[in-house]
Amino acid sequence: SEEDRLALSSKIVESFPFDLISRSKPPNKPPLSDLKTLVIIMGNIRGGEAAWKTFYRHMLDINSADLALVVGKVPKGQRNSSLFRRAKYLYEFPEFEDWGDAIE
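Please read these numbers as outputs of a predicted model, since none were measured by experiment. (Residues numbered from 1 in each chain as written. Predicted model: local features only at pLDDT ≥ 70, side-chain atom pairs only at ≥ 80, totals over all residues. Heavy atoms only, no water.)

## Some details on the packing of aromatic side chains
Turning to step 1, where the next piece is worked out: By the definition in use, this model includes two aromatic pairs.
Turning to step 2, where the next piece is worked out: With a centroid separation of 5.9 Å and 80° between ring planes, the pair formed by Trp-52 and Phe-55 is classed as edge-to-face. Here Trp-52 and its partner Phe-55 are both found in helix α2 (residues 49-63), three residues apart, which amounts to about one turn of the helix. Take Trp-52 and Phe-55: they sit in the same class, and that class is buried.
Turning to step 3, where the next piece is worked out: Measuring from centroid to centroid gives 6.1 Å for Phe-55 and Tyr-56, while their planes differ by 55°, and the two rings are tilted.
Turning to step 4, where the next piece is worked out: Overall, Phe-55 belongs to the buried group, its relative accessible area being 17%.
Turning to step 5, where the next piece is worked out: Each residue in the set Trp-52, Phe-55 and Tyr-56 is aromatic and connected to the rest through ring pairs, giving one cluster.
Turning to step 6, where the next piece is worked out: Just above the ring of Tyr-56 sits the side chain of Arg-86; from NZ or CZ to the centre is 4.7 Å. (Phe/Tyr/Trp six-rings, centres within 6.5 Å; stacked < 30°, edge-to-face > 60°. Helix = DSSP H or I, 4+ residues; strand = E, 2+ residues; numbered from the N terminus. Buried < 20%, exposed > 50% of the residue type's maximum accessible area, 1.4 Å probe, protein only. Lys NZ or Arg CZ within 6 Å of the ring centre and 35° of its normal.)

Pasting the structure below:
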């Protein structure tokens with residue numbers, strides 16, 4: 001039931017050794033209209049335009065979010081994906097064997 005799911009999720013959140021959600025109101029909290037969401041896609045770009053249109057509709061548009069791409073270097077002539085046009089931020093890196101190295 002919905003009540004059981006809420007109870008279970010509360011129990012899980014309370015078991016974390018840190019607060020996922022601040023339980024106190026931060027001082028000088030900016031109005032919601034000033035807050036912005038950034039969605040980051042990191043790694044290799046896969047999927048076609050149908051997938052990206054769904055991503056835009058269900059992730060970026062509904063949240064008024066900006067998009068950042070953190071991807072391997074792609075020659076300008078091969079940037080056919082609409083992701084490159086939609087991205088507000090683009091960070092390109094040499095290709096890594098293990099992308100975990102990119103964030104360390």
